[in-house]
Amino acid sequence: MLARGFSVLRCFRTGEHELPLSEIARRADMPKATAHRIIAELVDEGMLERSEKGLRLGVALFMLGARVPRQLKFRDLAFPYAERLHQLTRGSAFIFISDAFGPDAALVDAVRRRFGSDAGPGVEGETWASAEAANRVLHAFAVREAEGKTTGEETRVRHQGFAAVRSTTGTLGVATPVLTASGTAMGALAVAGPHTRLEVGRAASHLRAACNAVSRGLHRTPELVPVQ
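Everything quoted here is computed from the prediction, not taken from an experiment.

A.B. asks: Requested: an account of the packing of aromatic side chains, with residues and values cited.
C.D. replies: For the structure on display, the rule yields one aromatic pair. Between the aromatic rings of Phe94 and Phe96, the centroid separation amounts to 6.2 Å while the plane-to-plane angle is 25°, which identifies the pairing as stacked. Under the relative-accessibility criterion, Phe94 is labelled buried at 1%. Judged by its relative accessible area of 0%, Phe96 is buried.

So, in structure tokens, the structure goes:
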């Protein structure tokens, strides 16, 4: 039952505020009746909240997540570099950490650019583009290339050292991995902004320098790296 509850909570992806019951049941691969029963219990515990369009993550879940020590320490280590990336690229900078149960990007913090008349798709568009780029990076570095388990896309990302994603609304997201001593990605830094203002090569260069610095910090604080 606990595992099914987690599978429901993990249906929510970065940038998704609400999901209908039918979509949760589909993503969790369970009958609607089962999903409805589990959701009712999660709502009672404050892990989910009902909304106009379905369900959203609850405050109780946020309170628990805010206490995770690895996330807090990683954020403290990476945040100064995110601030610098924001200054260098004039885009929004994001810090992601790898999900302990899979190579998915969990947003830790962000330094947002100021939105003026050329804000484009706005905050949600930048969050989506940066998360999508971070997910591609984390998936590419989740397994060693020598194991022969990477796809063609993942091999390309590993070789170039970054991933770039452009949304249909014109937002560009670029991400690079924060690597542990073993060469796997513990997290990622990303920048996002209008594609007319953010140049991929320059952004990737700044990101690589920042991620290398964070990686050196990880090597000095091995307690941040989860035991494999």
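A.B. asks: Could you give an account of the environment of Leu189, with specific residues and numbers?
C.D. replies: By the secondary structure assignment, Leu189 is in strand S7 (residues 185–194). The spacing of Leu189 and Ala210 is 21 residues in sequence and 8.0 Å in space, taken between C-alpha atoms.

A.B. asks: Tell me about the confidence of the model for the chain, and name the residues and values.
C.D. replies: Looking at the chain as a whole, its pLDDT mean stands at 85, while 86% of the residues score no less than 70. Here residues 117–121 is a poorly scored stretch, pLDDT under 50, and it has six contacts once near neighbours within four places are set aside; other chains count.

A.B. asks: So what's going on with the pattern of salt bridges? Residues and values would help.
C.D. replies: This model, assessed by the stated rule, comprises eight salt bridges. Among the salt bridges present, the one from Glu49 reaches Arg56, with a minimum N-O distance of 3.2 Å. Classification of Arg56 as partly exposed rests on a relative accessible area of 34%. Each of Glu23, Arg26 and Arg27 takes part in a single network of salt bridges with overlapping partners.

A.B. asks: So what about the sheet that holds strand S6 (residues 171–179)? Which residues, and what values?
C.D. replies: In spatial order, the strands read S4-S3-S7-S6-S5; together these five strands make up an open sheet with antiparallel pairing. With one partner strand each, in any of the chains shown, strand S4 (105–111) and strand S5 (163–166) form the two edges of the open sheet. For this sheet, the mean inter-axis angle between neighbouring strands, taken without regard to orientation, is 25°. By the bridge criterion, four bridges tie S5 to S6 in an arrangement that is antiparallel. Note that in S6 the partner of Ala164 across the bridge is Val174.

A.B. asks: Tell me what's going on with unusual backbone geometry, and back it up with residues and numbers.
C.D. replies: Phi at Asp29 takes a positive value of approximately 55°, unusual for a residue other than glycine. Judged by its relative accessible area of 70%, Asp29 is exposed. A positive phi angle, near 65°, is found at Arg90, a position not held by glycine.

A.B. asks: Provide a residue-level description of the nonpolar core, including the pertinent values.
C.D. replies: Membership of the largest hydrophobic core comes to 25 residues, with the highest contact counts inside it found for Phe74, Leu85, Ile95, Val174, Val178, Leu189 and Val191. If you list the elements that add at least two residues to this core, you get helix H5 (69–89), strand S3 (92–98), S4, S6, S7 and helix H8 (200–220). Considering every element that reaches this core, the biggest residue donor is H8, with seven residues.

Calculation criteria
- Residues numbered from 1 in each chain as written.
- Predicted model: local features only at pLDDT ≥ 70, side-chain atom pairs only at ≥ 80, totals over all residues.
- Heavy atoms only, no water.
- Phe/Tyr/Trp six-rings, centres within 6.5 Å; stacked < 30°, edge-to-face > 60°.
- Buried < 20%, exposed > 50% of the residue type's maximum accessible area, 1.4 Å probe, protein only.
- Helix = DSSP H or I, 4+ residues; strand = E, 2+ residues; numbered from the N terminus.
- pLDDT = per-residue confidence, 0-100.
- Contact = heavy atoms within 4.5 Å.
- Salt bridge = Lys/Arg side-chain N within 4 Å of Asp/Glu carboxyl O.
- Pairing = 2+ DSSP bridges.
- Axes fitted to C-alpha atoms, helices over the stretch in contact; angles between N-to-C directions.
- Core = buried A, V, L, I, M, F, W, Y, C linked by side-chain atoms within 4.5 Å.

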